[in-house]
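As a plain string of letters, each chain reads:
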Amino acid sequence: MKKWKINRSDEDLAGQFAARCDINKLALEVLTSRGYTDFDSVVEYFTTAELSDPFLIKDMDKAVETIEKMIDEYRLICVYGDYDCDGITSTAILYNYLESMSANVMFYIPERSEGYGLNADAIKRIAAEGAELIVTVDNGISAVEEAKLIHELGMELVVTDHHQPSDVLPMAAAVVDPHREDCPSPYKDLAGVGVAFKLCAALDGGNYEIVMEQYADICAIGTIADVVPLTGENRTIVKQGLEYLKNTENQGLCKLFELNSLDKESVSSTDVSFRMAPVINASGRFGSPITAVKALLSEDDYDAHNYVSRLIELNSMRKQTESEIISEIVDHINKYPQVLDHAALVLWGRNWHPGVIGIVSSKILDLYGKPNLIISIDDEGNARGSARSIHGFDVFDCLRYCSELFEKFGGHECAGGFSLKQENIGALCSKVYEYADRLPKAPVQEICADKLLMPGDITVENVKGLRALEPFGAENPSPVFAIVGARVLSVIPLSQGKHTKIDFEYGSYKGQALFFSLSPERACFKSGDRIDMLVKLDINSFRGTESVSIKVMDHRLSGVKQERYFAAKQCYERLMRGEDLPSAYVQKMIPDRNELVRVYKYINSASRTTLDHMFMSLGDDSMNYCKMRICVDIFADKQLVEYKPATMSISMLEVNSKVDLEDSPTLKKLRSML
């Protein structure tokens, strides 16, 4: 179960704003819940920011001067990119622009096996091909030693990047990065592709008109994919880029729409995030990023079809590999349930594909709500890892705490990467657990809703009005609403039970809600139950009729006291970790006979259930999560039930003889602690 936070919107203030503009009240209520509490800030939100002069970025003039000299003298320029979507789109834009300027140009993107950024072997190969200038995109700001090698080999270097610089900048003709302390550019949050886009504009004399027309579609994709804040200039780039994307003439993008069954005319930032960017990224994860660059540069329908088909095939391989790794992790947790008793998880496997362990880490975070480190070990005993976290557990600080065990590491509060030797993984586990235990409070994954939805809010007109808040992305997420106390009228399976639809009643409103990837058997509710839901709203169009579409992100039975749930869950985990607990705590954990009977009867009547569902049904002042879990442990000890910790599922086992629960190791352990 995830923690819910429902923000309060200011209906009166939203009403005042609505009287002064043509934005509907529901959209304005979302903004007030996000802190837009004066009309000027609302106006600023909806005002398209002007893209600032590209020459305001430090060293942009030097970069233009260096590149133009190379173009004029027809000396070979190498655009050096990165293998993720941001780096791929950056490479495609700058390469195509330089080619259109009749430059002698090539591009190079390292394979994932080479690692991120400039590397010595690649630099030597580029020099051997006759290049005299390397221009980096989406990398290079930390390549201090590699820059020296470029100089020694007689080449020049222009760095364009958007990552944070260190104290020492690389030796280069120009270092273009808005995050430089001495950079006067007013907007700092550009993606790598945004910096490359501005370089093209600078090469065009500072005019954005042509580069916007030619590259805004690709730039929008890279910006959305890199999860930079969709505020200010990024919002402008993405908003205009999505409009250009609807009419794109780029052969590769047209084929991506066609082969991925996407509607160009209604494409949104969400489509880019979940349907387009992962396909482009797949080339850097499973194949070669060159495939994606060539797809974006294709001018031939046949070639574009082949390249994009290959990208979609690679993306399918990526999904399959993720599924296999997660399946291994689930099996491991079921075998070693104590893994879940820690505030952070450390999990590893042999030859897990390094291109997907970051995605796997994100999915494990979503499944278990805990910071985690996912590690792949190769046959030579080298290990590479990715980490993902939630607010309250700083991944970079954790990695720094374990730094003596790593060969390399980096990251920020919620994500990181590292490499180490296999023999250090055990020590890493201990250090991560030690770091987590030092935190004043175990972090809890949280879903935030913008407001409590009223029955009268759910109208086609209101939901259409939410589109004014687009494009959605980092720091401007798609609105989430809470529906509390809805009564389930009927439960309908969809797609052979893979998904669920309900008819429900919410005050004066009657409608339907969709639960994707949830079978009716796994739902916590049945007809007649009252439930709470966190939902996203959209519009369905069918045969000319429009209706509100309600997609459920999370749900629970009404009346759940979540603070008690998390407090008792963490208490159970402390007990399992062997921490000293006051005798009074332990005494309250031990269930009496009536409580054991109550839990057993519930499991027996449900046939198959989960701990969370049982808590929603049975949790009260005397029966908290901790005691309920201990009841299940006692039954599992005596083989009355089967409990699978990876999914929290509980099912009855056949019993052929009388069972004495007093012999349960769990019960004996608790009593010995008194």
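Residues numbered from 1 in each chain as written. Predicted model: local features only at pLDDT ≥ 70, side-chain atom pairs only at ≥ 80, totals over all residues. Heavy atoms only, no water.

1. A short note on helix 4 (residues 60-72)
Rule in force here: In DSSP terms, a helix is any run of H or I states spanning at least four residues, a strand is any run of E spanning at least two, and both are numbered starting from the N terminus. Helix span is expected to be 1.5 Å times the residue number reduced by one. Contacts are assigned to residue pairs with any non-hydrogen atoms lying within 4.5 Å of each other.
The end-to-end C-alpha distance of helix 4 is 18 Å, a good match for the 18 Å that 13 residues give at a rise of 1.5 Å each. On its buried face, helix 4 sits against strand 2 (77-80), helix 5 (85-100), strand 4 (133-137), strand 5 (156-160), strand 6 (174-176) and helix 8 (192-203).

2. Focus on unusual backbone geometry
The condition is simple: Exposure classes here rest on a 1.4 Å probe applied to the protein chains alone. A residue is buried below 20% of its type maximum, exposed above 50%, and partly exposed in between.
Going from Glu470 to Pro471, the amide bond is cis rather than trans, its omega being 5°. A positive phi angle, near 55°, is found at Val227, a position not held by glycine. Here Val227 is to be found in the loop between helix 9 (209-225) and helix 10 (232-246). With phi around 60°, Ser517 is a residue other than glycine that occupies positive phi space. Position of Ser517 among the secondary structure elements: in the loop between strand 16 (509-515) and strand 17 (530-542). Residue Ser517 is classed as exposed on the basis of its relative accessible area, which comes to 54%.

3. Observations regarding the pattern of salt bridges
The condition that has to hold: Criterion for a salt bridge: a side-chain nitrogen of Lys or Arg within 4 Å of a carboxyl oxygen of Asp or Glu.
This model, assessed by the stated rule, comprises 36 salt bridges. Linking Arg577 and Asp437 is a salt bridge whose minimum nitrogen-to-oxygen distance equals 3.9 Å. Of this pair, Arg577 sits in the loop between helix 19 (562-576) and helix 20 (583-589) while Asp437 sits in helix 17 (residues 425-438); the two residues are 140 residues apart in sequence, bridging distant segments of the chain. Here Glu573 ties to Lys569 by a salt bridge, and the two come within 3.1 Å at their closest N and O atoms. Taken as a pair, Glu573 and Lys569 lie in helix 19 at a separation of four residues, close to a single helical turn. An identical accessibility class is assigned to Glu573 and Lys569; each is buried. If you follow the salt bridges from partner to partner, you end up with Lys25, Glu29, Lys451 and Asp457 in one network.

4. Some details on the environment of Leu157
Inspection of the secondary structure puts Leu157 in strand 5. The class of Leu157 is buried, set by a relative accessible area of 3%. Beyond its immediate sequence surroundings of up to four residues, Leu157 is in contact with Leu133, Ile134, Thr136, Ala147, Ile150, Met171, Ala172, Ala173 and Ala174.

5. Here's the deal with the environment of Trp348
Residue placement: Trp348 occurs in strand 7 (residues 345-350). According to the relative accessible area criterion, Trp348 is partly exposed, its value standing at 41%. Spatially, the C-alpha atom of Trp348 lies 5.8 Å from that of Ser376, the residues being 28 residues apart in sequence. The residues contacting Trp348, other than those within four sequence positions of it, are Ile375, Ile377, Ile425 and Cys429.

6. Examining the sheet that holds strand 5
Counted only if it meets this: Paired strands are those between which DSSP finds at least two bridges. An axis is simply a line fitted to the C-alpha atoms; with a helix, the fit covers only the stretch in contact. Between two such axes, the angle follows the N-to-C directions and lies from 0 to 180 degrees.
Taken together, five strands build an open sheet; the order of strands is 3-2-4-5-6 and the sheet is parallel. The two strands at the open ends of the sheet, each matched to only one other strand, are strand 3 (105-108) and strand 6. Direction aside, the axes of adjacent strands within the sheet are offset by 20° on average. Sheet topology places strand 5 next to strand 6; three bridges connect them, and they run parallel. Paired with Val159 across the bridge in strand 6 is Val175.

7. Focus on the environment of Ser495
The residue Ser495 is located in the loop between strand 14 (481-494) and strand 15 (499-506) in this model. For Ser495, a relative accessible area of 39% translates into the label partly exposed. C-alpha separation for the pair Ser495 and Ser519, spaced 24 residues apart in sequence, amounts to 9.5 Å.

8. Some thoughts on the side chain of Ser664
Assignment of secondary structure puts Ser664 in the loop between strand 21 (649-652) and helix 24 (665-672). Here Ser664 falls in the buried class, since its relative accessible area comes to 0%. Ignoring any residue separated from it by four or fewer positions in sequence, one finds Ser664 in contact with Ile634, Asp637 and Lys638.

9. Some words on the nonpolar core
Worth spelling out the cut-off: To form a nonpolar core, buried Ala, Val, Leu, Ile, Met, Phe, Trp, Tyr and Cys residues must be joined to one another through side-chain atoms within 4.5 Å.
Phe504, Met533 and Met614 are the most contacted members of the largest nonpolar core, which has 77 residues in total. Beyond its immediate sequence surroundings of up to four residues, Met533 is in contact with Trp4, Phe481, Ala482, Ile483, Ala486, Ile502, Phe504, Ala513, Phe515, Val552, Asp554 and His555. By size, the runner-up hydrophobic cluster in this structure holds 74 residues, among which are Leu98, Val195, Tyr208 and Ile221.

10. Observations concerning the sheet that holds strand 20 (residues 641-644)
On the basis of which strands lie adjacent, the open sheet formed by three strands has the order 19-21-20 and antiparallel pairing. Because the sheet does not close on itself, it has two edges, and the strands there are strand 19 (608-610) and strand 20. Taken over all neighbouring pairs, the strand axes of this sheet differ in orientation by 20° on average, direction set aside. Across three bridges, strand 19 lies against strand 21 in antiparallel orientation. Paired with Thr609 across the bridge in strand 21 is Ile650. Sheet contacts for helix 22 (residues 611-618): strand 19, strand 20 and strand 21; angle to strand 19, the most-contacted strand, approximately 85°.

11. A look at the pairing of strand 16
Every second residue of strand 16 is oriented toward a common face, the buried set being Tyr509, Gly511, Ala513 and Phe515 and the non-buried set Lys510, Gln512 and Leu514. Remark: two residues form the turn of the hairpin made by strand 15 and strand 16, two consecutive strands paired antiparallel; Gly507 in that turn has positive phi of roughly 60°.

12. Points about a negative patch on the surface
Stated precisely, the cut-off is as follows: Candidates for patches are residues over 30% relative accessible area with no salt bridge; among them, like charges are joined within 9 Å and nonpolar side chains (Val, Leu, Ile, Met, Phe, Trp, Tyr) within 5 Å. For accessible areas, the Shrake-Rupley method is used with a probe of radius 1.4 Å. Any residue's cover is judged against the shown protein chains and nothing else. His is not counted, nor are the chain ends, whereas Lys and Arg count as positive and Asp and Glu as negative. Here the site of a charge means atom NZ of a Lys, CZ of an Arg, CG of an Asp or CD of a Glu.
Taken together, Asp61, Glu65, Glu68 and Asp72 make up a surface patch of like negative charges. Its location among the elements puts Glu68 in helix 4. Its relative accessible area of 34% is what places Glu68 among the partly exposed residues.

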